[in-house]
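# Observations on chain architecture
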Amino acid sequence: MSEDGRQGLTLIAFIGSVFSPYYAWDPARDPFDHCALNVVLYGRPGRFCMTERGHASLSRDADHIRIGPSAMEWDGTCLTIRIDEVGAPIPRRVRGTVRLHPPGFTAGPFTLDAAGEHRWWPMAPSCPVEVSLDAPGLAWRGTAYFDTNHGDTALEEAFASWTWCRADMPDGAAILYDVRRRDGSGQNLSLRFDRTGARRDIRPPLAAPLPPTGLWRIPRETRSDDGHARVLTTFEDTPFYARSLLASTLGGEPVQAVHESLCLARFRNPIVRLMLPFRMPRRASSP
């Protein structure tokens, strides 16, 4: 999010695009043939890009990954993302550079399922970011969150739903992650980190109900000190996923938190998957 709260940006690099209908329909299930850089701009002007690409469009080594015309590079102190993507179904370009400066990293990943097949590592929960885009013309600074996920099975095989949120704190960030597994069990993670990545104690917040989204009625809930929270803005309202900005209290501090709700029972619906290619085109052979 930008310092003034008027702009937001999400970037996700996928090897094995977990929400891709093409990946789900591919009998070979080769993750390297289903790669994408998802770019979403919130505020004005808004953009959504998620073009899936095949083997020929991917290259990577220990400190670099390229997916089609876009790339990420780590130089030891800065993660530089060079974006060159086109949205769908409206073909609007997003081109520019994002630089992330993690002040430190957290220790190791968390396991989200009982079998240990899905791992999540909130590597740098709070770090400065610089955004400079030529298309559309935008430049701002703010605070960012940097994580990675790795799974050995499809998300919908392990999980029924989850809610997640991340809030900047005066000395770092708080993250709340509530997972509901398909076997009926769950996991609640209430985490707080300082800016260097060191973990701090946090009192487990109380459950706080939220209204469902307006269009697709995606269920939403979160946690807070007093069991109360409110939705400031709904960024994404899709048939199976919602991203929102919340206001609540955590660790005795008033916060604004980026929040997501994922309903994998909805995602499993074949009708929902047939809708996805309109926003997620595929280029199998062209780099």
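Let us look at the structure shown here. Note that the coordinates shown come from a computational prediction; the quantities given were computed from them, not determined experimentally.

## What about the pattern of salt bridges?
Evaluation of the coordinates by the stated rule reveals 13 salt bridges. Linking aspartate 33 and arginine 282 is a salt bridge whose minimum nitrogen-to-oxygen distance equals 3.2 Å. Placement of the pair is aspartate 33 in the loop between α1 (21–25) and β2 (35–42) and arginine 282 in strand β22 (residues 282–283), with a sequence separation of 249 residues. The class for arginine 282 is partly exposed, based on a relative accessible area of 25%. For the salt bridge of arginine 95 with aspartate 84, the shortest nitrogen-to-oxygen distance reads 3.8 Å. Residue arginine 95 is located in strand β9 (residues 93–100), and its partner aspartate 84 is located in strand β8 (residues 79–86); the two are separated by 11 residues in the primary sequence. Residue classification places arginine 95 among the partly exposed residues on the basis of a relative accessible area of 34%. Overall, aspartate 84 belongs to the partly exposed group, its relative accessible area being 23%. The network of salt bridges with shared partners includes Asp33, Glu52 and Arg282.

## Side note on the pairing of strand β20 (residues 241–250)
Buried residues dominate β20, accounting for 9 of its 10 residues. With 6 bridges joining them, strand β19 (residues 230–237) and β20 adopt antiparallel strand pairing. Residue glutamate 236 lies in a different strand from β20, and its bridge partner there is arginine 243. Joining the antiparallel neighbours β19 and β20 is a turn of 3 residues. Hairpin connection from β20 to strand β21 (residues 253–263): 2 residues lie between these consecutive antiparallel strands, with glycine 251 at a positive phi of about 55°.

Reading the values: the criteria
Residues numbered from 1 in each chain as written. Predicted model: local features only at pLDDT ≥ 70, side-chain atom pairs only at ≥ 80, totals over all residues. Heavy atoms only, no water. Salt bridge = Lys/Arg side-chain N within 4 Å of Asp/Glu carboxyl O. Helix = DSSP H or I, 4+ residues; strand = E, 2+ residues; numbered from the N terminus. Buried < 20%, exposed > 50% of the residue type's maximum accessible area, 1.4 Å probe, protein only. Pairing = 2+ DSSP bridges.

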